[in-house]
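# Structure assessment
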Amino acid sequence: MNFLLSFWRSTVGAKVVVAVTGLILLGFTLFHMIGNLQVFLGADEMNTYGAFLHKPEILWAGRAVVFGSIGLHIVAQAKLVAATAIARPTGYRKWNAKASTIYSRTMKYTGPIILIFFVLHLLNLTTGAEFGFYVHPEPYLQDGNVPRAFENLTSLLGNPLWATFYIVANLALASHLWHGAFSMTKTLGLSGVRQLRLARVIASVFTLTVTGGNIAITTACVLHLVK
Amino acid sequence: MRLTLHIWRQKAPTARGGKGDFEKYEVNDVSEHMSFLEMLDVLNERLETEGKDPIAFEHDCREGICGSCGFVINGSAHGPVPRTTVCQLHMRSFKDGDELVLEPWRARAFPILRDLIVDRSSFDRIIQAGGYVSTNTGSAPEANSVPVTKDSADRAMDAAACIGCGACVAMCPNASASLFTAAKVAHLNLLPQGQPERLIRTEKMVLQMDAEGFGHCTNHGDCSAVCPKGISVINIAQMNREYIEATLFSSPREGDTGDGA
Ligand code: HEM
Ligand code: FES
């Protein structure tokens, strides 16, 4: 197992862990956004989907993958950031960006914003009722003790403050993915010039699709367009 | 033209606890035909006649090929002109009255020796870790018996253009040496002569790069943008791929201690 330890200790290895877990999370964000588009189909569709996701096998497998990935993503990244933080003890009096972007340079800030959002999001819509964190509509559960996803979502995001917060969090997500979804391909070794050009396009379309979809859902709820 | 320079002055090496600060110099009568280093030569002559310490900066070929020179001018490594070392930078790139800040490369793995000179022996140790090919000596093989595709030869030549000046590290927001290391890895890994040691080379050079205390790569791309030789970041992607292959997908190799050292 020495080779795994050596891989993890190296900067390239730890970055590959960030990239692979990032890739899994990209899959999750797409799946999650598409699932939630069902809010436009109405309460029945959405709640049936919610009940399906609450089958224990699916629920716990999904949670294991997502929580595991987020955990590893953060641990590996924190290790890298901590080592790199001391790589330049004295900074420049002047420094000009030549190719880096505001998106690439703020990854270590947009990441934690997404994390805070993620925790609040779980409190809002997964465990919130138990903790009294958010007042859910009555009755909170549908048949089979499954949360009534549609009513919970529309009443939460019907609140302009929560809706604003969700939109801001998605802008942070957009910034993170704009760099991350492309950066990942190089970290994992994609080195062809044509292939990287295509990867840039796919990363951009992906980012705009996921965050655009999330923001569309939020906007529709706050404007009470879905009932 | 007249210029105001703010130059980092540091007497003692950082490794021996030396600290520095900026000092301000006014230089008059700068000809636009001078190179940047000639302008500093003129300033140094004046300082010497005034009995002051001249400004220490590194230089050798002054032709943009040896990789000795380099410092940061107003936030850009080697100054404002792309694909140019500071020895090949001319004063016509500046205008009368400009105020310029001159700083050494700043990275923990490049400790300052004096003024604008940094110690880049960390680069030498990365090369020592794997930047070589081992061949049995004997009579030279028939040239055409070792075919190299045009594409590999071109890409190896592009990577080999690296002069090891350190501008990539200097401009990287993370002070990462990934572009330098990747160029050296790619240059040998792309050629037939580099094949026997391809994986062990990649692994050892990456680990040495880490051990020297450089930062990690986050694919910002500032390194390649300031590289006087235009080394591409695709070399970094290739190094990542070969490192993954070396550590996760290959059997232990000869000379591999198994602990990744
Ligand atoms: C939905 C959740 C998330 C997704 C989809 C995601 C995705 C990604 C991807 C694909 C990368 C690129 C890896 C690379 O540079 O090769 C990345 C990098 C990164 N992520 Fe995340 N991430 C998420 C959450 C987070 C969280 C919660 C944090 C914070 C603690 C975080 C912090 C970072 C940092 C600091 C980087 C490194 C950026 C760099 O190398 O420039 N991410 N992320
Ligand atoms: S002095 Fe040789 S490259 Fe500038």
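It should be noted that the structure appears before, not after, this text.
Attention in this report is confined to the structure presented alongside it. On a predicted model such as this, the values are computed, not experimentally measured, just so you know.

### Concerning the nonpolar core
Side chains of nonpolar character tend, in soluble globular proteins, to be buried together. Of all hydrophobic cores here, the largest spans 74 residues; its most connected members are Leu5, Phe36, Met39, Leu40 and Phe71 of chain B. No other element matches the six residues that helix H1 (residues 36–49) of chain B contributes to this core. Each of domain 1 (3–114) and domain 2 (121–135 + 142–249) of chain B gives at least three residues to this core. Membership of the second largest hydrophobic core comes to 15 residues, among which are Met46, Leu156, Leu157 and Cys221 of chain A.

### Describing the coordination of the iron atom of ligand 1
Residues and elements named next belong to chain A. The protein atoms donating to the iron atom of ligand 1 are His73 (NE2) and His176 (NE2), with metal-donor distances spanning 2.1 Å. The coordination sphere of the iron atom of ligand 1 comprises six donor atoms, whose angles at the metal cover 83 to 179°; the geometry is octahedral. Separated by 103 residues along the polypeptide, His73 in helix H4 (residues 56–85) and His176 in helix H9 (residues 160–187) bring together distant segments of the chain. Look at His73 and you get buried, because its relative accessible area is 17%. A relative accessible area of 14% places His176 in the buried class.

### Structural notes on unusual backbone geometry
For residues besides glycine, phi is generally negative; the peptide bonds are generally trans as well. Residues and elements named next belong to chain B. Residue Asn74 is not a glycine yet carries a positive backbone phi of 45°. As for its placement among the helices and strands, Asn74 is situated in the loop between strand E3 (72–73) and strand E4 (76–77). Even without being glycine, His78 reaches a positive phi, approximately 65°. Structurally, the position occupied by His78 is in the loop between E4 and strand E5 (99–103). Residue His78 is classed as buried on the basis of its relative accessible area of 0%.

Calculation criteria
Counting starts from 1 at the beginning of each chain's written sequence and moves along it residue by residue. Labels follow written order: the first chain is A, the first ligand is 1, and so on. Totals for whole chains, interfaces and linings use all residues, but because this is a predicted model, local features are given only for residues with pLDDT of at least 70 and pairs of side-chain atoms are given and counted only at 80 or more. Remark: hydrogens and water are excluded; side-chain values derive from all non-hydrogen atoms of the structure. For the purposes of this section, nonpolar cores are sets of buried Ala, Val, Leu, Ile, Met, Phe, Trp, Tyr and Cys residues that join through side-chain atoms within 4.5 Å. For every residue, the accessible area (1.4 Å probe, protein chains only) is compared with the maximum for its type, and the residue is labelled buried under 20%, exposed over 50%, or partly exposed between those bounds. Numbering goes from the N terminus for both helices and strands, where a helix is a DSSP run of H or I of at least four residues and a strand is a run of E of at least two. Where a domain begins and ends is set by an automatic assignment or by a domain database. Note that water is not among the atoms considered, so a metal site may appear incomplete; the donors listed are N, O and S atoms within 2.8 Å of the metal, with 3.2 Å applied to Na, K and Ca. Only four donors with every angle between 85 and 135 degrees are called tetrahedral; only four or six donors with opposite donors over 155 degrees apart and all others between 65 and 115 are called square planar or octahedral, in that order; all others are irregular.

Any link to function would need more than the numbers given here.
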